[in-house]
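Chains, contacts and geometry: an overview
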Amino acid sequence: MIPFSILDLSPIAEGHSVSEALDASRQMAQAAEANGYLRFWLAEHHGMPGIASAATSIVIAHVGAATKTIRIGSGGIMLPNHSPLVIAEQFGTLEALFPGRVDLGLGRAPGTDMRTARALRRNLEAGTESFPHDIIELQRLLGEPAEEHDLLAVPGMRSHVPLWILGSSLYSAHLAAALGLPYAFASHFAPDQLIDAVHIYRERFQPSASLQKPYVIAGVMGAIAENDETAQYLFTSAQQQFVNLRRNIRRPFPRPMTMEGYWTDMEQITVEHTLRYAIVGSPKTARAKLDDFLSEVGPDELIISMPIHDIAARLRSVKLFAEVRNSIFQAA
């Protein structure tokens, strides 16, 4: 039975507040723990009225305090937005608060628009070049201090928080393989290079002190409900969000509605292609889609984003995904 995990963005649902969004993340983490998920990760985004997880390490602490055993962490921290020292201190603090439960997933995108990226004091010219060096610096700051280095992360040093490379391209696959780190591919919104990236990562993986053999997480979006029609209706919130993103419309996470007349033919084609790995439907439909995805990709772990407006329906989807997972592997 491969582990299932959850990726959460603390969606600020239309008609609800930031406080309610963060409380919903707490409820999601507790439901994930109760239903046997391995991890609960939060993603860093900025300047988006529909996402409340900008101060990612604080939200991780929020869900960590509400849970006991589930792993918590970032999916991911956008490292070029920050100095490695600041991230080492933040995640060293999290590890001190929640020993043995913290993951640090790292990405190299800004997680926002260029104007906001500049406001974050991000070096827009050095993202790709500095990313590998910043990862190595983070490993050093979170590890054993060496005499030749004066710089100390306190908290952070000796915490050995595990690092993950997140990506949506072949670049990230090569980097994760070269550094011998576990790899999470963002196939929930960037499906095109998934198969090639997983193949490259596994073929070129170099064992390291932190990982002896390759380990891949693949991402999907999902919504499971009692029947296909309800699940598809719930998933229209995510479809609207992707249309709005392409139109540069900033608004809270939308309520579900019919997509007929909302998107153009070209927008529909684009969004459906982007979300082609989404697991949407009844438990029976979801099981068939999950079987196909797991057979095609062969991940070591699956991480699921559940972009559902109503928290009760979101919590129900968490439970149904766990039941589908159990049915798949009990039958195997």
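Owing to the predicted nature of the structure, the values given are computational and were not obtained by experimental measurement.

The rules behind the values
Residues numbered from 1 in each chain as written. Predicted model: local features only at pLDDT ≥ 70, side-chain atom pairs only at ≥ 80, totals over all residues. Heavy atoms only, no water. Helix = DSSP H or I, 4+ residues; strand = E, 2+ residues; numbered from the N terminus. Rg over C-alpha atoms; globule rule 2.2 N^0.38 Å. Buried < 20%, exposed > 50% of the residue type's maximum accessible area, 1.4 Å probe, protein only. Contact = heavy atoms within 4.5 Å. Core = buried A, V, L, I, M, F, W, Y, C linked by side-chain atoms within 4.5 Å. Salt bridge = Lys/Arg side-chain N within 4 Å of Asp/Glu carboxyl O. Phe/Tyr/Trp six-rings, centres within 6.5 Å; stacked < 30°, edge-to-face > 60°. Arc of directions from axis to C-beta.

**Observations concerning the overall build of the protein chain**
Across its full length, the protein chain carries 11 helices and 9 strands. Since a compact globule built from 332 residues should have a radius of gyration of about 20 Å, the 19 Å found for the protein chain is in line with a globular shape. With the principal axes as the frame, the protein chain shows a C-alpha extent of 65 × 45 × 35 Å. Counting every position in the protein chain, which comprises 332 residues, the buried fraction comes to 53%. Partitioning the contacts of the protein chain with sequence separation of at least 6, the portion at a separation of at least 24 is 73%.

**Things to note about the side chain of Q239**
Note that Q239 resides in helix α8 (residues 228-246). Residues within four places of Q239 in sequence aside, it is in contact with M259, W263, V271 and L275.

**Focus: the nonpolar core**
Ranked by size, the top nonpolar core spans 87 residues in total, and within it Y37, L104 and I135 carry the most contacts. For this core, the element with the most residues is helix α11 (residues 311-331), which contributes 7 residues. Within the second largest apolar cluster, 8 residues are counted, among which are W41, W164, L166 and A184.

**Quick notes on the pattern of salt bridges**
Tallied over the full model, the rule gives 14 salt bridges. Here E144 makes a salt bridge to R158, at a shortest N to O gap of 3.1 Å. Here E144 is found in the loop between α5 (127-142) and β5 (163-167), whereas its partner R158 is found in the loop between α5 and β5, with 14 residues between them in sequence. For the salt bridge of D300 with R202, the shortest nitrogen-to-oxygen distance reads 3.3 Å. Separated by 98 residues along the polypeptide, D300 in the loop between α10 (283-297) and β9 (301-305) and R202 in helix α7 (residues 194-204) bring together distant segments of the chain. A residue is classified by how much of its surface remains accessible, and D300, at 25% relative accessible area, is partly exposed. Look at R202 and you get partly exposed, because its relative accessible area is 31%. When salt bridges that share partners are traced, they join R39, R71, D103 and E301 into one network.

**What about the environment of M157?**
Within the fold, M157 resides in the loop between α5 and β5. By relative accessible area, M157 is classed as partly exposed at 27%. Separated by 16 residues in the primary sequence, M157 and L141 have C-alpha atoms spaced 5.5 Å apart. Residue contacts for M157: discarding those within four places in its chain leaves L141, L142, G143, P145 and L152.

**Section: unusual backbone geometry**
Geometrically, the link from G75 to G76 is a cis peptide bond, its omega value of 10° lying close to zero. Looking at where G76 falls in the secondary structure, it is placed in strand β3 (residues 71-78). The omega torsion of the bond from V154 to P155 falls at -5°, within 30 degrees of zero and hence cis. Of note, P155 is situated in the loop between α5 and β5. Positive phi is not limited to glycine here, since R158 has a value of about 70°. Non-glycine residue N248 carries a positive phi angle of around 60°. Looking at the secondary structure, you find N248 in the loop between α8 and α9 (265-274).

**Notes on the packing of aromatic side chains**
Within this structure, the stated rule accounts for 6 aromatic pairs. Each ring, one from W164 and one from Y215, has its centre 5.7 Å from the other, and the planes form 80°; the classification is edge-to-face. Here Y215 lies in the loop between α7 and β7 (216-224) and W164 lies in strand β5, a separation of 51 residues in the sequence. Seen from their ring centres, Y277 and F293 are 5.1 Å apart, and the 75° between their planes marks the pair as edge-to-face. Taken together, the residues Y277 in the loop between α9 and β8 (279-281) and F293 in helix α10 connect sequence positions 16 residues apart.

**A short note on α7**
Listing the buried residues of α7 in full gives L194, A197, V198, I200 and Y201. Projected down its long axis, α7 shows its buried positions confined to an angular sector of 165°, all on one face. In this fold, the buried residues of α7 make contact with α6 (170-179), β6 (183-185), β7 and α10.

**Digging into the environment of E89**
Position of E89 among the secondary structure elements: in helix α3 (residues 84-97). Linking E89 and P256, residues 167 residues apart in sequence, is a C-alpha distance of 40 Å. Contacts of E89, omitting those with residues within four sequence positions, involve A153, V154 and P155.

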